[in-house]
Amino acid sequence: ALITGANQGLGFEMAKRIAHMPRVNKVVLACRNEQRANEAREKLQGLFADTSFEVVVMLVDTEDTTSCRDFGAKWTAIVNAPVDLFLMNAGGMGGRDASDIMQPSGSTRIFAMNVLGHAEMFDALFRANMLSPKCKVVYVGSETAVGKGPFPKPDLRDADNIAAHISSTYNDPTGATAIKWIGPGNMGQSGYGTCKAIAALYFSALARRHPSMKILTVSPGGTRGTNAHAKSGWFFGNLIPFMMVAFGVGHPLAKGAERLQYGFFVNEDPYVSGAFVASKAIAPPVGKCVDYRSFKKTGNVFGDEKLQDAAYEAVRRFMR
């Protein structure tokens, strides 16, 4: 099993859960901070000290596409066994400058850390023949992809338009910002929802191109204890997640992890390959889950195969 962003929050919680699964004998923590990754490895290894279970640390930074492109060769050298489970968890809002800093690939920092890096890792492993033919891939999505609260509804129409979002050259005809930092006191990153929308479309398209695999996007919902709000200021990063749970508009970390676990191990609607699984309520993002590809409240946007293919084409313009 391979997990990005695995040294804390949802990634670490999922590492513990996956380790308990039958026939899983190794979990690879793919992280950018070596010290925190090793601390997480020691904690996990301690939980399974009496078994042959192994925890391996590999360094990768989803913001750095070169690091992600080289991951297949690195995986072959260190692990040299096909990936059976791949949780794409790393990412977040990234701070005030995340939509302004440009990466060598031509994408914004926020898009690279949330989407492009994972797309590059998948391709690198596939090229190296290090993805099992029946690999199960879960990308961690978000209801913000629909556009609620401080997250504007993404205007996604075709490959050129989507590429403009990715490169921060998009101009909203309504005058509303869809790619910049908004809100007082580092309250929120409007580009985050757009990234998650493009990702859901991309991974649905990817699933159709790899029919033997199970590839889907699953939102953990409004979950306290994740790292999504890192660098978003004290109010948005600490108080808001706590208040979400306290007032019933969010749920604990364990509930969010349970959704991701279902993505791997439940093989019935809505947890099917190509799906975008998220909260039926949207706001608050808790409770029963549905497949947003056929959910009327989302306008069936995520089930549009032409738009999925447009997202696929646009994302791959920024890949090697």
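This one's a predicted model, so the numbers in the text were calculated from it and none came from an experiment.

Visitor: Let's hear about the pairing of strand β8 (residues 214-218): which residues, and what values?
Guide: Counting buried positions along β8 gives five out of five residues, so the element sits mostly inside the fold. Of the two faces of β8, both are covered, the one formed by Lys-214, Leu-216 and Val-218 as well as the one formed by Ile-215 and Thr-217. The pairing of strand β5 (residues 131-140) with β8 spans five bridges and is parallel. Bridged to Val-137 within β8 is Ile-215. Two strands pair when backbone bridges link them, and β8 and strand β9 (residues 276-279) are joined in this way by two bridges, in the parallel orientation. Directly across from Val-218, in β9, lies its bridge partner Val-277.

Visitor: Run through the sheet that holds β9, naming residues and quoting values.
Guide: Overall, mixed pairing links the eight strands, which are arranged β3-β2-β1-β4-β5-β8-β9-β10 in an open sheet. On the outer flanks of this sheet lie β3 (54-59) and β10 (289-291), each paired with one strand and no other. Sheet twist, expressed as the average angle between the axes of neighbouring strands with direction ignored, equals 20°. The strands that helix α2 (residues 34-47) touches are β2 (26-31) and β3; relative to β3, the one it contacts most, it runs at about 170°.

Visitor: Describe the environment of Arg-293, and please don't skip the residues or the numbers.
Guide: Considering the arrangement of structural elements, one finds Arg-293 in the loop between β10 and α10 (305-316). For the pair Arg-293 and Phe-276, spaced 17 residues apart in sequence, the C-alpha to C-alpha distance is 6.4 Å. Ignoring anything within four residues of it in the chain, the contact list for Arg-293 reads Ser-204, Val-272, Ser-273, Gly-274, Ala-275, Phe-276, Asn-300, Phe-302, Gly-303 and Gln-308. There is a polar contact of 2.8 Å between the side chain of Arg-293 and the side chain of Asp-291.

Visitor: Residues and numbers for the nonpolar core, please.
Guide: With 64 residues, the main nonpolar core has Leu-2 and Trp-75 as its most contacted residues. In this structure, Met-14, Leu-85, Leu-87 and Val-218 belong to the second largest nonpolar core, which totals 34 residues.

Visitor: Run through the pairing of β2, naming residues and quoting values.
Guide: Counting buried residues along β2, five of its six residues qualify, which places the element largely inside the surrounding structure. Here three bridges tie strand β1 (residues 2-4) to β2, and the two strands are oriented parallel to one another. When the bridges of β2 are listed, Ile-3 appears paired with Leu-29. Each parallel crossover has a hand, and the one from β1 via helix α1 (residues 9-19) to β2 is right-handed. Here β2 pairs with β3 via six bridges, running parallel.

Each value, and the rule that gives it
Residues numbered from 1 in each chain as written. Predicted model: local features only at pLDDT ≥ 70, side-chain atom pairs only at ≥ 80, totals over all residues. Heavy atoms only, no water. Buried < 20%, exposed > 50% of the residue type's maximum accessible area, 1.4 Å probe, protein only. Helix = DSSP H or I, 4+ residues; strand = E, 2+ residues; numbered from the N terminus. Pairing = 2+ DSSP bridges. Axes fitted to C-alpha atoms, helices over the stretch in contact; angles between N-to-C directions. Contact = heavy atoms within 4.5 Å. Polar contact = N/O pair within 3.5 Å; in protein donor to acceptor, adjacent residues only side chain to side chain. Core = buried A, V, L, I, M, F, W, Y, C linked by side-chain atoms within 4.5 Å. Right-handed = clockwise from strand over helix to strand, strands pointing away.

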